[in-house]
Amino acid sequence: MIVQLYSIKSPEEALKVIELGCDYLGVSPVSGANLPNELSYDEIKEIFATIKGKGNGVLISIDDPEDLVVERVRELKPDVIHMCGGEVFSTPELAKRIKEANPTTRLEQAVGVSGPESIEEAKMYAEWCDILILDSVTENIPGVGAAGVPHDWNIDAEIVKAVAGKADVILAGGLTPENVAEAVRIVKPWGVDSLTHTNKFLPDGTRIKDLEKVEKFCREARSVKF
Ligand SMILES: O=C(O)c1ccccc1N[C@@H]1O[C@H](COP(=O)(O)O)[C@@H](O)[C@H]1O
């Protein structure tokens, strides 16, 4: 079971969450989406260099144009590029361009799980993506994710079965240290992901990881054997 956590802000924070059991660390590059924890290319390079050999660097992309996605993959060489926009989605062509830009970068596509129709969508993306992240959608946040609320885990369980052997599946969306074990029991994913409920919010609007919650989240996620 892998654990992916968003959004990491510094090399120091990265090392702390790795020590507590996180193995995929999500970062947000400066973009039009104006996310709270956006980082410059230099800051991201420093985090990726710090975690090399210890954890995997994941770069989020929310509706960035395809050329910019490819440029970022070439420049930052993330272990994973995570596409989670509501307008720009991965395609077989983009998957090919990403592999050409950096052959070891894995392509992670978010699927907003809203009903049984999401099963067909997931099956389609599994044809060219390495990883699917099954996430929640809200009206307030652009794209897929950062919703802070769960969705129907029974649909996720169907998707895991439907794409077995084709793509790894990460479960996301409102996961907490308290509900993650139950979610894993139902969905049996390759990994789990958290943003909101492993965060501590600071008065200036930025957020850092809450290390007690991170430790409990990683422990609970791995407590279920299947
Ligand atoms: O990380 C973000 O800031 C973000 C912004 C916009 C869309 C998605 C984003 N992150 C992804 O959403 C998941 C789940 O979030 P939550 O736990 O439900 O709050 C997050 O872990 C990232 O994968």
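Preceding this paragraph is the structure being described.
Figured I'd write up the structure that's included with this text. (Residues numbered from 1 in each chain as written. Predicted model: local features only at pLDDT ≥ 70, side-chain atom pairs only at ≥ 80, totals over all residues.)

A look at the site of the ligand
Turning to step 1, where the next piece is worked out: Taken together, 25 residues sit near the ligand, with Tyr6, Gly145, Ala146, Leu195 and Thr196 positioned nearest.
Turning to step 2, where the next piece is worked out: Where the shell around the ligand is concerned, the elements lending two or more residues are strand E2 (24–29) and strand E9 (191–194).
Turning to step 3, where the next piece is worked out: Residues of the shell around the ligand, tallied by class, amount to 11 nonpolar, 12 polar and two charged. (Near = placed C-beta within 6 Å. Helix = DSSP H or I, 4+ residues; strand = E, 2+ residues; numbered from the N terminus. Nonpolar A, V, L, I, M, F, W, Y, C, P; charged D, E, K, R; others polar.)

Section: the pairing of E9
Turning to step 1, where the next piece is worked out: Relative to E9, strand E1 (residues 2–5) runs parallel, the two sharing four bridges. Looking at E9, one finds that isoleucine 2 is bridged to glycine 191.
Turning to step 2, where the next piece is worked out: After leaving strand E8 (residues 168–171), the chain enters helix H7 (residues 180–187) and then returns to the sheet as E9, a path that is right-handed. (Pairing = 2+ DSSP bridges. Right-handed = clockwise from strand over helix to strand, strands pointing away.)

Some remarks on the environment of lysine 16
Turning to step 1, where the next piece is worked out: The topology assignment puts lysine 16 in helix H1 (residues 11–19).
Turning to step 2, where the next piece is worked out: Sequence separation of lysine 16 and tyrosine 125 is 109 residues, and the distance between their C-alpha atoms is 33 Å.

Here we look at unusual backbone geometry
Turning to step 1, where the next piece is worked out: Between tyrosine 6 and serine 7 the backbone carries a cis peptide bond, its omega angle lying at -25 degrees.
Turning to step 2, where the next piece is worked out: Topologically, serine 7 is positioned in the loop between E1 and H1.
Turning to step 3, where the next piece is worked out: Phi at alanine 146 takes a positive value of approximately 55 degrees, unusual for a residue other than glycine.
Turning to step 4, where the next piece is worked out: The exposure class of alanine 146 is buried, given the 24 C-beta atoms found within 10 Å.
Turning to step 5, where the next piece is worked out: Non-glycine residue lysine 188 carries a positive phi angle of around 55 degrees.
Turning to step 6, where the next piece is worked out: In this structure, lysine 188 sits in the loop between H7 and E9. (Buried ≥ 20, exposed ≤ 12 C-beta atoms within 10 Å, placed from the backbone.)

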